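Commentary on secondary and tertiary structure
Here is how the chains run, residue by residue.
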Amino acid sequence: MFSLRGCGLCVAASLSKKRLPLARFIGDSAAPVAANFDVVVIGGGHAGTEAAAAAARCGSRTLLLTHRVDTIGQMSCNPSFGGIGKGHLMREVDALDGLCSRICDQSGVHYKVLNRRKGPAVWGLRAQIDRKLYKQNMQKEILNTPLLTVQEGAVEDLILTEPEPEHTGKCRVSGVVLADGSTVHAESVVLTTGTFLRGVIVIGLETHPAGRLGDQPSIGLAQTLEKLGFVVGRLKTGTPPRIARESVNFSILNKQTPDNPSIPFSFINETVWIKPEDQLPCYLTHTNPRVDEIVLENLHLNSHIKETTRGPRYCPSIESKVLRFPNRLHQVWLEPEGMDSDLIYPQGLSVTLPAELQEKMITCIKGLEKAKMIQPGYGVQYDYLDPRQITPSLETRLVQRLFFAGQINGTTGYEEAAAQGVIAGINASLRVKRKPPFVVSRTEGYIGVLIDDLTTLGTNEPYRMFTSRAEFRLSLRPDNADSRLTFRGYKEVGCVSQQRYERASWMKSSLEEGISVLKSIEFSSSKWKKLIPEASISIGKSLPLRALDVLKYEEVDMKLLAKAIPEPLKKYIECRELAERLKIEATYESVLFYQQQQINEVQQDEALQLPKDLDYLTLRDVSLSYEVREKLHFSRPETIGAASRIPGVTPAAIINLLRFVKTTQQRQMAMNALPKTDQSLYDTESLEERQL
């Protein structure tokens with residue numbers, strides 16, 4: 001424990017079973033004491049909590065700094081997690097022992113898998129979450145994490161020192177300065193400031209400085225980053241009004257019930273905390289021409305929609321929908337905010353009109369004719385930093401040991417923030433230990449796709465994850481995230497618990513054994529038809545069929561197969577998850593072989609590293625246009641594969657760059673093979689050539 005003058009609360013995590021005191025106030029009279037940590041994380045949102053917990057799991061003494069302890073884990077916008085693409089990210093965060101999936105399994109009120117009509121590779125796990133319960137469970141988890149201390153305080157500046165000569169960057173971060181002038185020293189710093197960097201809230205023509213409703217923005221830190229030379233952009237987002245539950249006429253609306261059984265987000269949970277019959281329903285309604293009229297007649301009273309700052313393309317405000325898609329009806333999902341909450345969240349009705357016009361618009365919608373608005377919707381405008389200024393480990397190129405995660409990198413959504421948070425926390429800890437960074441490639445996970453898109457392409461609008469962004473969707477499925485990432489997390493960085501590692505090991509061996517057994521069972525098609533008459537097996541096939549081939553039929557699952565052949569298959573249906581994963585493996589068996597060949601080709605390109613200190617603007621040994629040089633100089637790709645994905649970098653440029661890299665490698669290998677005396681002579685000759 002330590003004290004900082006005038007900084008408010010200080011909470012230390014403990015392994016003790018005793019109830020933790022949630023807060024201990026430090027008086028203003030306390031003398032300022034400089035504190036030291038391995039990692040400091042700024043921000044207690046979805047990126048910050050994952051980053052702090054990940055760094056602590058890796059063995060680093062970690063401090064989480066937040067404006068208010070009671071807002072840790074707050075869901076500032078929609079009361080839901082997951083979805084198409086987003087559910088994949090949650091599974092991958094969980095595979096690295098992240099928090100959000102486990103907390104969702106303890107806090108949901110409506111669990112449903114989206115996209116069921118398509119293959120399991122693109123299913124989207126999603127849940128409506130009880131805001132209050134999620135925040136309670138997240139705070140309990142954070143405040144009981146070993147090696148993690150939580151403190152209230154606003155960060156106003158960074159402490160900078162001389163850079164490490166072996167790394168790129170013009171300086172190195174060594175701590176933070178709080179609003180009261182006190183300092184905290186750290187080996188690594190992670191910024192997860194969300195929408196707080198010069199954040200402004202907009203309702204109608206009124207603007208108020210705030211990161212979210214009721215919280216002050218971060219001004220000093222934004223100015224510091226700008227002075228350091230970071231390229232700063234501006235984005236905007238918004239949130240819908242909140243409606244009183246008792247004022248909604250649900251009886252005339254389309255009701256949606258949860259799945260039975262409910263599928264948990266976390267690999268270590270066999271079920272969620274609440275039975276399907278006890279979960280809450282959601283309801284669907286639509287906008288109408290009267291809503292369009294109110295929006296169009298009052299655009300002059302809406303400064304947010306007129307602002308040229310880019311907003312979210314895939315979660316637009318109702319004003320944007322009306323302007324971009326006129327004369328259409330738009331879906332509005334009425335979602336519960338919690339088991340004992342009186343509020344309804346109208347998903348799809350994000351709006352920034354003046355409050356009285358919002359209420360007028362709401363009452364035009366079916367089922368909401370008598371709706372009572374409890375809180376108006378509002379827009380948020382905030383600074384973000386061009387993500388091409390960070391490496392795949394999420395460390396900045398300008399400032400050593402400074403990491404960015406979450407909306408500061410131009411993303412939107414809890415899941416995208418959590419995914420970046422866990423990677424930033426792991427790498428901040430590895431940086432302290434002077435170990436190589438932990439990087440997930442786009443062939444290994446959606447986390448890799450997310451970070452690679454950001455660091456090579458950048459973004460000029462809030463970035464959201466979709467399955468369509470991944471080239472290898474059939475391999476990067478929600479069901480196999482543990483086999484892709486858990487073993488790496490356990491062996492390479494130590495961020496995965498022994499319990500999770502053992503669970504993943506058991507699942508891996510069980511799958512391998514099950515697939516081997518299914519391949520070994522062979523019968524003629526006519527015999528399979530007799531054993532499983534429900535299957536649409538053609539009896540005209542002359543070659544024998546394996547049980548694995550029969551499992552590929554849509555109407556066949558492991559239960560049906562085990563019923564036909566109890567021995568040796570019945571043991572594989574004792575675990576629901578194992579039975580489902582065997583079915584999925586069978587479904588994709590033939591196509592995965594070809595996709596793995598494509599992955600191997602991409603991995604060969606990714607293995608060709610580009611020198612970190614390469615000066616593309618002055619490089620003379622390779623033929624590149626000035627436009628290509630500028631793009632490479634700004635994005636600074638780490639591999640040939642990453643360079644090939646930068647828009648405007650031509651195939652001819654990639655070939656020339658590839659030739660340069662191979663020539664450089666060969667020259668280096670030849671130099672390493674020389675005796676030391678010859679090597680010094682070689683260096684002298686090279687120096688003379690460069691001078692000439």
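What you see is a predicted model, and the numbers here were worked out from it, not measured in a lab. (Residues numbered from 1 in each chain as written. Predicted model: local features only at pLDDT ≥ 70, side-chain atom pairs only at ≥ 80, totals over all residues. Heavy atoms only, no water.)

On to the pattern of salt bridges, then. Evaluated as defined, the whole model comprises 45 salt bridges. Among the salt bridges present, the one from Asp94 reaches Arg500, with a minimum N-O distance of 2.9 Å. Pair noted here: Asp94 is in helix α2 (residues 86–95) and Arg500 is in helix α13 (residues 498–520), with a separation of 406 residues, a long-range link. Of the two residues, Asp94 and Arg500, neither departs from the other in class, the shared state being buried. Here Glu567 and Lys570 are joined by a salt bridge, their closest N and O atoms 3.2 Å apart. The exposure class of Glu567 is exposed, given its relative accessible area of 54%. (Salt bridge = Lys/Arg side-chain N within 4 Å of Asp/Glu carboxyl O. Helix = DSSP H or I, 4+ residues; strand = E, 2+ residues; numbered from the N terminus. Buried < 20%, exposed > 50% of the residue type's maximum accessible area, 1.4 Å probe, protein only.)

Taken in spatial order, the four strands line up as β12-β11-β20-β13 in an open sheet, and their pairing is antiparallel. Taken across any chain shown, the strands that pair with only one partner, and hence form the sheet edges, are β12 (206–209) and β13 (232–239). Pairs of neighbouring strands in the sheet enclose a mean axial angle of 25°, with direction left out of account. Bridge analysis of strand β11 (residues 200–203) against strand β20 (residues 378–385) gives three bridges, and the strand direction is antiparallel. Within β20, the residue paired with Val200 across the bridge is Gln381. (Pairing = 2+ DSSP bridges. Axes fitted to C-alpha atoms, helices over the stretch in contact; angles between N-to-C directions.)

Packed helices, taken two at a time, are described by the angle their axes make and the gap between the axes. Running from amino to carboxyl end, α2 crosses helix α12 (residues 481–493) at an angle of 35°, the nearest separation of the two axes being 8 Å. Once α2 is placed against α12, the crossing between them reads as right-handed. Each of Arg91, Glu92 and Ala95 in α2 lies in contact with α12, whose residues at this interface are Ala481, Asp482, Arg484, Leu485 and Thr486. Here the residues of the contact of α2 with α12 are counted per class, giving three nonpolar, one polar and four charged. (Left-handed = near helix turned anticlockwise from the far one by under 90°. Contact = heavy atoms within 4.5 Å. Nonpolar A, V, L, I, M, F, W, Y, C, P; charged D, E, K, R; others polar.)

Where helix α3 (residues 100–107) meets helix α4 (residues 131–143), the axes come as close as 9 Å, and the angle between the chain directions of the two elements is 135°. For the element pair α3 / α4, the angle class is oblique. Note that α3 runs across α4; the crossing there is right-handed. Counting all contacts with α3, which are made through Cys100, Arg102, Ile103, Cys104, Gln106 and Ser107, the residues of α4 involved are Leu133, Tyr134, Asn137, Met138 and Glu141. Residue composition of the contact of α3 with α4, grouped by class: six nonpolar, three polar and two charged. (Parallel < 35°, antiparallel > 145°, perpendicular 65-115°, else oblique.)

Before going further, it helps to spend a moment on α2. At 3.6 residues per turn, the α-helix brings residues three or four places apart onto the same side. The buried fraction of α2 amounts to 10 of the 10 residues, a majority that puts the element mostly inside the structure. Within the span of α2, buried status applies to Lys86, Gly87, His88, Leu89, Met90, Arg91, Glu92, Val93, Asp94 and Ala95. A positive phi of about 70° marks Asp97, the residue just after α2.

Next up on the list: the domain arrangement of the protein chain. On domain assignment, one finds that the protein chain holds domain 1 (37–236 + 382–485), domain 2 (242–380), domain 3 (497–592) and domain 4 (608–669). Taking the mean C-alpha position of each, domain 2 and domain 3 sit 43 Å from one another. Taken residue by residue, the interface counts six residues in domain 2 and five residues in domain 3. For the pair domain 2 and domain 3, the two sides together bury roughly 560 Å², of which 47% comes from carbon and sulfur. The interface formed by domain 2 and domain 3 contains zero salt bridges. (Domains from an automatic or database assignment. Buried area = accessible area lost by both parts, 1.4 Å probe.)

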